[in-house]
Amino acid sequence: MKLRHAAASPFVRKVMVVAHEHGLLGRIELVPTSVSPVQANAGLAAENPLMKVPSLVTDDGQVLFDSPVICEYLDGLATGRKLFPAAGPARWAALRQQALGDGILDAVILCRYELTRPEDRRWSG
């Protein structure tokens, strides 16, 4: 498998935690990928219409993007305990926790982008 990644991406880190927990790190080739909110990456765009990392190319060539999808895929490859239960209240609790974490990560990224703006153009609210 090939994982397009940017080291600073918290969503990539989330995927890497799932891969680590399931002993899958050795099966994943990391492909450093530059992403920017103002500069498109043509290589990434050819695989992923969202042009975001992470983006995973599976062993059979399928491209998966968005960390929840990639995490579910990796969880499905695991032979032991699953991080995402198959059904019932435990599944909904796990998915709700993932959505909360993703929302927090989205907010952190927006804060980081704001800090890259000139100080006189930053939002003061």
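Everything numeric in this text was worked out from a predicted model, so none of it was measured.

Draft legend 1. Up close: a nonpolar patch on the surface. Together, Leu100, Ile104 and Val108 give the surface a local cluster of nonpolar side chains, amounting to about 280 Å² of exposed area. Summarising the element assignment, Leu100 is placed in helix α4 (residues 88-116).

Draft legend 2. Layout of the pattern of salt bridges. Under the defined criterion, the tally for this structure stands at four salt bridges. Notably, a salt bridge pairs Asp102 with Lys14, separated by 2.7 Å at the nearest N-O pair. Residue Asp102 is found in helix α4, and its partner Lys14 is found in helix α1 (residues 10-21); the two are separated by 88 residues along the sequence. Take Asp102 and Lys14: they sit in the same class, and that class is buried.

Draft legend 3. Structural context of the environment of Thr33. Looking at the element boundaries, Thr33 is found in the loop between β2 (29-32) and α2 (42-47). Since its relative accessible area comes to 5%, Thr33 is described here as buried. A C-alpha to C-alpha distance of 5.4 Å links Thr33 and His5, two positions 28 residues apart in sequence. Setting aside anything within four residues of it in sequence, one finds Thr33 in contact with Arg4, His5, Ala6, Asn41, Leu44 and Val53. Reaching out from Thr33, the side chain makes a polar contact with the backbone oxygen of Val31 at a distance of 2.9 Å.

Draft legend 4. Representation of the layout of surface pockets. One number sums up the size of the largest pocket: a volume of about 900 Å³. As for the largest pocket, its lining consists of 31 residues, of which Val35, Lys52, Val53, Ile109 and Tyr113 are closest to the centre. Examining the composition of the lining of the largest pocket, we find that eight residues originate from one element, α4, more than from any other. The residue inventory of the lining of the largest pocket, partitioned by class, reads 19 nonpolar, seven polar and five charged.

Draft legend 5. Summary view of the side chain of Ser55. Within the secondary structure, Ser55 is located in strand β3 (residues 55-57). For Ser55, a relative accessible area of 0% translates into the label buried.

Draft legend 6. Molecular detail of the nonpolar core. Ranked by internal contacts, the top residues of the largest apolar core, which has 18 residues, are Leu3, Val15, Ile28, Leu56, Ile70 and Leu74. Those elements that place two or more of their residues in this core are α1 and α3 (67-77).

Thresholds, definitions, all that
- Residues numbered from 1 in each chain as written.
- Predicted model: local features only at pLDDT ≥ 70, side-chain atom pairs only at ≥ 80, totals over all residues.
- Heavy atoms only, no water.
- Patch = residues over 30% accessible without salt bridge, like charges linked within 9 Å, V, L, I, M, F, W, Y side chains within 5 Å.
- Areas by Shrake-Rupley, 256 points an atom, 1.4 Å probe, with all protein chains shown as cover.
- Salt bridge = Lys/Arg side-chain N within 4 Å of Asp/Glu carboxyl O.
- Helix = DSSP H or I, 4+ residues; strand = E, 2+ residues; numbered from the N terminus.
- Buried < 20%, exposed > 50% of the residue type's maximum accessible area, 1.4 Å probe, protein only.
- Contact = heavy atoms within 4.5 Å.
- Polar contact = N/O pair within 3.5 Å; in protein donor to acceptor, adjacent residues only side chain to side chain.
- 1 Å grid on protein atoms, 1.4 Å probe; cavity = no way out; pocket = protein on both sides within 12 Å on 5 of 7 lines; lining within 4 Å.
- Points joined across faces, edges and corners; volume = space filled by probe spheres on them.
- Nonpolar A, V, L, I, M, F, W, Y, C, P; charged D, E, K, R; others polar.
- Core = buried A, V, L, I, M, F, W, Y, C linked by side-chain atoms within 4.5 Å.

So yeah, pure geometry; function would need other evidence.
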